[in-house]
Amino acid sequence: MDFKKAAILGSYLSKDYAEDLFGLLTAYTTISASEAASRLNLHIKTVQDFLEAMQELGILEKEEVYEGKRPYFRYKLIVKEITLNLDLASLFPQSAPDNQRQLRIRERKNAGARFTTARNNQYISGVAIWMGKGRERTERRLSLSIPQGRFLFHLPFPTADFESVEDIMKKADIDRGHTSEILDIVKALIDFRVIETAV
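Cut-off values and rules
Residues numbered from 1 in each chain as written. Predicted model: local features only at pLDDT ≥ 70, side-chain atom pairs only at ≥ 80, totals over all residues. Heavy atoms only, no water. Pairing = 2+ DSSP bridges. Helix = DSSP H or I, 4+ residues; strand = E, 2+ residues; numbered from the N terminus. Axes fitted to C-alpha atoms, helices over the stretch in contact; angles between N-to-C directions. Phe/Tyr/Trp six-rings, centres within 6.5 Å; stacked < 30°, edge-to-face > 60°. Buried < 20%, exposed > 50% of the residue type's maximum accessible area, 1.4 Å probe, protein only.

Caption draft 1: Main features of the sheet that holds strand β6 (residues 124-131). Strands sit in the order β5-β6-β7 across an open sheet of three strands; the sheet is antiparallel. Only two strands of the sheet have a single partner each, and these edge strands are β5 (113-117) and β7 (138-143). Sheet twist, expressed as the mean angle between neighbouring strand axes with direction ignored, is 20°. Bridge count between β6 and β7: six bridges; the pairing is antiparallel.

Caption draft 2: Quick peek at the packing of aromatic side chains. In total, this model carries three aromatic pairs according to the counting rule given. With a centroid separation of 6.0 Å and 70° between ring planes, the pair formed by Y17 and F50 is classed as edge-to-face. Of this pair, Y17 sits in the loop between α1 (3-13) and α2 (18-27) while F50 sits in helix α4 (residues 44-56), and the two are 33 residues apart along the sequence. Relative to F50, the ring of F22 has its centre 5.5 Å away and its plane inclined at 70°; by these criteria the two rings are edge-to-face. On the criterion of sequence distance, the pair formed by F22 in helix α2 and F50 in helix α4 is long-range, its members being 28 residues apart. Accessibility expressed as a relative area gives 14% for F22, which makes it buried. F50 gets classed as buried once you look at its relative accessible area, which sits at 0%. Here the aromatic cluster, defined as three or more aromatic residues joined through ring pairs, consists of Y12, Y17, F22 and F50.

Here's what the structure looks like:
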């Protein structure tokens, strides 16, 4: 199941009426939204949305039937168990391409960021960035992992020469296993215009 479907399922399962609706679906061979809504004293749109979502997730099936000339849908439960299986494998970072590790960077001049040093003065514990102008200015705070903090502690100053991400990691004695989180904070700080890259 992907995140979008998992979010829909989680959202509906968290509703107060979810268990009661599933109770009806197990008791009835098929049931319409209006029947379920009247039985549970719920708004028909609330029940309709729930049933449609469950049908789209493959938990229910629906059948169009006719009462006179007016069609409507009846819903049937087709599973006895709902299993949420969320595959996180696709989220794991792939090996960083050489061009990302060779990206040459330094702190941007007048970036408007405040670096907070940890008590032992060996790494940066957080970055505060001012965003917007005038009264609309807001402060965005980023908490850092220790490898990220050690990396930023060795980030070249605005007046220094650009250095590659890989060289800064070596200088900070950061294992290559932390490359993905280093690249993540570098990208974020480039987006926030705190870090600049060599042209």
